[in-house]
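Structural overview
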Amino acid sequence: MSNAYERNHRRDIGESTGPALVGVINAGSSSLKFTFYEGDRPILSGQVDGIGVRPSARATGADGVALDPPYLGQTPSAAPAEALPALIEWAKRKLGDRRLEALGHRVVHGGLRYSQPQRVTPALLAELESLIPLAPLHEPHNIAPIRTALALRPDLPQVACFDTAFHRSMPEVAQAFALPRALYDEGVRRYGFHGLSYEYIASVLPDRAPEIADGRVVVAHLGNGCSLCGLRGRKSVASTMGFTALDGVPMGTRCGDLDAGVVLYLIQQKGMAVEDVADLLYRRSGMLGLSGLSSDFRDLLASESPHARFAVDVFCYRVAGYIGSLAAALGGLDGIIFTAGVGENAAQVRAAVCRACRWLGLELDEAANRLHGPRISAAGSGVAAYVIPTDENLMIARHARALLGSAGTSSASAGDL
Ligand code: ADP
C-alpha cells in the first residue's frame, strides 16, 4: 500500500466526533466479517466472502436492515486485508459522525503466553508472527488486517483477542499429547479453539441457565468449525480441539480426530504430497467428504441421499461420544449447551445427540427442541440442555472496551445481557 494511499485514507477511519464505536474484524483465509458496536448494540455489520476467487459482500444496519454492501473495486482482492480500506471507507460513510474508538480483532492463536486479550503494539505483532507456524492457515490472515489498520491510523487503539486464550486454564494433563516431553515443552500441545465463543457462553450462563451456570457444563459449538468444551465453574477444563483446529468432531470440510497412522499411510503408501494431505484433511473431508454432497447441514438434512444421512449419523455419534469423554473430564455432567449455526438451528442434530446422551441422565423435551428451546431438556431431567446463541464479535468488542478502560456500554443499548 502506498504512502499516498494511506494519507488519503487516514481521515476515513473515524477521526470524526460523535458516539464512540468499537469495530470488530474477523478475517479468515477468504472472508472478512465485521461488526461496529455502539455499546453492546451492533449498528453495522456484514461480511465479504470469496476473496481471491469471486468476492461478494453483504451488510446489515442496526436492527438487521439489509444495506447496500461495500463496493470492492473491479480488481478482486487477493487477500482479506486488502478489502479493509474499501470497507473502512464505506463504513465511514454509513457511520456518519460517530467516532471509532478502537478495533478488536479475532486472532486464532495466542500461543502459551496469552490467556487474555492484548493491546496491539509492534512487539505484540512480532510475537504473533512467531506463532504463524502453529496456525499457518489462519494466523497470517488474522494479523494482516491489524497491520493494514495500523498503517492507516497508527493512533487508533487495536486489541487482539485469541481463540486459544480461554483454554489456558486447562490442566496440563488435558494439554498433553503422549509424545516425547521435549515436544510438549516447545509448544506441541492441545490448545483448544473457539475460545471467544465459549467465553461468551460462560458469560451469559448465570442469566440464561442459572441452575447449571457454575457446575459441570459441556458447550457444543457446532458451526462450520465444530468443537466442544468442558466448563467447570465457567472455566475451560477440556476441549475437543487440540494443536490445530483440525482435531475433535468432524466439521463441514475438516476431518476431526484421526488416527495419525492414516496420515502416514496417505504419505508412505499412497505417495500423497504433504500439501495434498493438508487439502484432503482441511477442505475435502468432514461432512463434505462423507456425504460427497455438501458441507452444509441444511443440504444434508434436506437430502434423501443415504450418504448424507450417514454423514449426519457419524457427526452425531462423534459429538455424543465426546460429550461422554468431557463428562469424564468434568467428573460428571450438569448441563449441555448447543450453540453456533448447527447447534442453534438443527433440531434433528440436537435430538440425535441428546437421545444418545440418555445414559448420562439427559431427557429431551422433543417439543421444546423443535422450537429451539432455549431449554430443551424435560422437567426432571438429570442433565439440563439448552440452546444459547453465541456472539464472538460482541465478546471481542467487550474485551476491546474493557482493555482500553472505557465504560462504553450504555444501559439503553445493553441488549439482552
Ligand atoms: P461459522 O463457523 O462459519 O461461524 P456458523 O456458526 O454460522 O459457521 O455455522 C454455519 C453452519 O450452520 C452452516 O454450514 C450450516 O451447516 C449450519 N446451519 C445454519 N442454519 C441452519 C439451519 N437452519 N439448519 C441446519 N443447519 C444450519
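Everything quoted here is computed from the prediction, not taken from an experiment.

1. Focus: the overall build of the protein
- Helix and strand content of the protein: 16 helices and 13 strands.
- Relative to the 2.2 N^0.38 estimate, which gives 22 Å for 417 residues, the radius of gyration of the protein is 22 Å and therefore close to what a compact globule would have.
- Considered along the principal axes of its C-alpha atoms, the protein spans approximately 65 × 55 × 45 Å.
- Residue pairs at least 24 apart in sequence account for 65% of intrachain contacts in the protein once pairs closer than 6 positions are excluded.
- Summing over all exposed atoms, the protein offers an accessible surface of approximately 18400 Å²; the carbon and sulfur share of this is 53%.

2. A short note on the site of the ligand
- Around the ligand, the neighbouring residues are Lys33, Gly223, Asn224, Gly225, Asp296, Phe297, Arg298, Ala340, Gly341, Val342, Asn345 and Ala346.
- Measuring from an oxygen atom of the ligand, one finds a side-chain N or O atom of Asp296 at 3.2 Å.
- A distance of 3.4 Å is found between an oxygen atom of the ligand and a backbone nitrogen or oxygen belonging to Val342.
- Expressed as a share of its isolated accessible area of 580 Å², the protein-covered part of the ligand is 71%.
- When contributions to the shell around the ligand are tallied by element, the ones reaching two or more residues are helix H11 (297-302) and helix H13 (340-345).
- Of all the elements, H13 adds the most residues to the shell around the ligand, at 4 residues.
- Its residues placed into classes, the shell around the ligand shows 4 nonpolar, 5 polar and 3 charged.

3. Some thoughts on the side chain of Glu139
- Residue placement: Glu139 occurs in helix H4 (residues 139-152).
- Salt bridges are absent for the buried Glu139, whose nearest opposite-charge side chain, Arg106, sits at 9.6 Å.
- Setting aside residues no more than four positions away along its own chain, Glu139 makes contact with Val107, Val108, His109, Leu128, Leu131 and Ile132.

4. Here's the deal with the sheet that holds strand E8 (residues 158-162)
- Taken in spatial order, the 8 strands line up as E5-E4-E3-E2-E1-E6-E8-E7 in an open sheet, and their pairing is mixed. Two strands close off the open sheet at either side, each with one partner strand: strand E5 (66-67) and strand E7 (118-119).
- Across 5 bridges, strand E6 (residues 99-107) lies against E8 in parallel orientation. Considered in E8, the bridge of Arg106 is made with Cys161.
- Taken strand by strand, helix H3 (residues 122-130) contacts E6, E7 and E8, and its axis lies near 30 degrees from that of E8.
- Against the sheet, helix H16 (residues 392-404) touches strand E1 (20-27), strand E2 (32-38), E6, E7 and E8, its axis set at about 130 degrees to E1.

5. Quick notes on the sheet that holds strand E10 (residues 226-232)
- If you walk across this open sheet you meet the 5 strands as E11-E10-E9-E12-E13, and the pairing is mixed. Two strands bound the open sheet, and with one partner strand each, they are strand E11 (235-239) and strand E13 (384-387). Taking the axes of each pair of neighbouring strands and ignoring which way they run, one obtains an average angle of 25 degrees across the sheet.
- Judged from the 7 bridges that link them, strand E9 (residues 216-222) and E10 form a sheet pairing that is antiparallel. Its bridge partner being in E10, His221 is matched across the sheet by Ser227.

6. Comments concerning the packing of aromatic side chains
- All told, the structure shown has 5 aromatic pairs when counted by the stated rule.
- Residues Tyr191 and Phe243 carry aromatic rings whose centres are separated by 6.4 Å and whose planes lie at 35 degrees to one another, so their mutual orientation is tilted. With a gap of 52 residues between them, Tyr191 in the loop between helix H6 (181-185) and helix H7 (195-208) and Phe243 in the loop between E11 and helix H8 (260-268) connect regions that are remote in the sequence.
- Look at Tyr191 and you get buried, because its relative accessible area is 1%.
- Cluster of aromatic residues (ring-pair linked, three or more members): Phe34, Phe36 and Trp90.

7. So, the pattern of salt bridges
- This structure, assessed with the given rule, holds 22 salt bridges.
- With a shortest N-O distance of 3.1 Å, Arg309 and Asp313 are connected by a salt bridge. Taken together, the residues Arg309 and Asp313, both in helix H12 (residues 306-330) and 4 residues apart, mark about one turn of the helix.
- Among the ionic pairs, Arg358 bridges to Glu363, the shortest N-O distance being 3.2 Å.
- According to the relative accessible area criterion, Glu363 is partly exposed, its value standing at 34%.

8. Describing the confidence of the model for the protein
- The pLDDT averaged across the protein works out to 90; a share of 91% of its residues lies at or above 70.
- Between residues 1-14, whose pLDDT stays under 50, and residues either more than four places distant or in other chains, the model counts 27 contacts.

9. Regarding the packing of helix H2 (residues 84-95) against H4
- Contact pair H2 / H4: the axes reach a minimum separation of 10 Å and the direction vectors enclose 60 degrees. Relative to H4, the element H2 is oriented oblique. The two elements H2 and H4 cross, and the hand of that crossing is right-handed. Every residue of H4 that contacts H2 at Leu84, Pro85 and Ile88 is listed here: Pro145, Thr148, Ala149 and Leu152.
- Each residue belonging to the contact of H2 with H4 can be placed in one class, and the counts come to 6 nonpolar, 1 polar and no charged.

10. Considerations on unusual backbone geometry
- The peptide bond linking Gly373 to Pro374 adopts the cis configuration, its omega dihedral lying at 15 degrees.
- We note that Asp63 has phi near 65 degrees; this positive angle belongs to a residue other than glycine.
- In this structure, Asp63 sits in the loop between strand E4 (56-61) and E5.
- Residue classification places Asp63 among the exposed positions, given a relative accessible area of 70%.
- Unusually for a residue other than glycine, Ala340 sits at a positive phi of about 75 degrees.
- With respect to the helices and strands, Ala340 occurs in helix H13.

The rules behind the values
- Chains are numbered independently. Their residues run from 1 in the order of the written sequence.
- Predicted model: local features are reported for residues with pLDDT of at least 70 only, side-chain atom pairs are reported and counted for 80 or more only, and whole-chain, interface and lining totals are derived from all residues.
- The side-chain figures draw on all heavy atoms in the structure; neither hydrogens nor water molecules are used.
- Counting from the N terminus, the helices are DSSP H or I runs at least four residues long and the strands are E runs at least two residues long.
- Here the radius of gyration uses the C-alpha set of atoms, whereas the globule reference equals 2.2 Å times the residue count to the power 0.38.
- Whether two residues are in contact is decided by their heavy atoms: any pair within 4.5 Å suffices.
- Where accessible areas are quoted, they stem from the Shrake-Rupley method and a 1.4 Å probe; at the residue level, only the protein chains shown are allowed to cover.
- Any residue with a heavy atom lying within 4 Å of a molecule or strand is counted as near it.
- Two N or O atoms form a polar contact when they lie within 3.5 Å of each other; inside protein one atom must be a possible hydrogen donor and the other a possible acceptor, and for residues adjacent in sequence the pair counts only when both atoms belong to side chains.
- When residues are sorted by character, Ala, Val, Leu, Ile, Met, Phe, Trp, Tyr, Cys and Pro go into the nonpolar class, Asp, Glu, Lys and Arg into the charged class, and all the rest, Gly among them, into the polar class.
- Under the scheme applied here, a residue whose accessible area is under 20% of the maximum for its type counts as buried, over 50% as exposed, and between as partly exposed, the area being computed with a 1.4 Å probe on protein chains only.
- His is not counted here, nor are the chain ends, while Lys and Arg score as positive and Asp and Glu score as negative.
- Note on definitions: salt bridges are taken to be side-chain nitrogens of Lys or Arg within 4 Å of carboxyl oxygens of Asp or Glu.
- Note on pairing: two strands pair once DSSP finds at least 2 bridges between them.
- Here the axes come from fitting lines to C-alpha atoms, over the contacting stretch only for helices, and the angles between their N-to-C directions go from 0 to 180 degrees.
- The pairing test for Phe, Tyr and Trp rings, Trp by its six-membered ring, is centres within 6.5 Å, and the orientation test on the planes gives stacked under 30 degrees, edge-to-face over 60, and tilted for anything in between.
- How sure the predictor is of each residue is captured by pLDDT, a score from 0 to 100.
- The scheme is simple: roughly parallel for angles under 35 degrees, roughly antiparallel for over 145, roughly perpendicular for 65 to 115, oblique for anything else.
- Left-handed describes a crossing whose near helix is turned anticlockwise from the far helix by less than a right angle; the clockwise case is right-handed.

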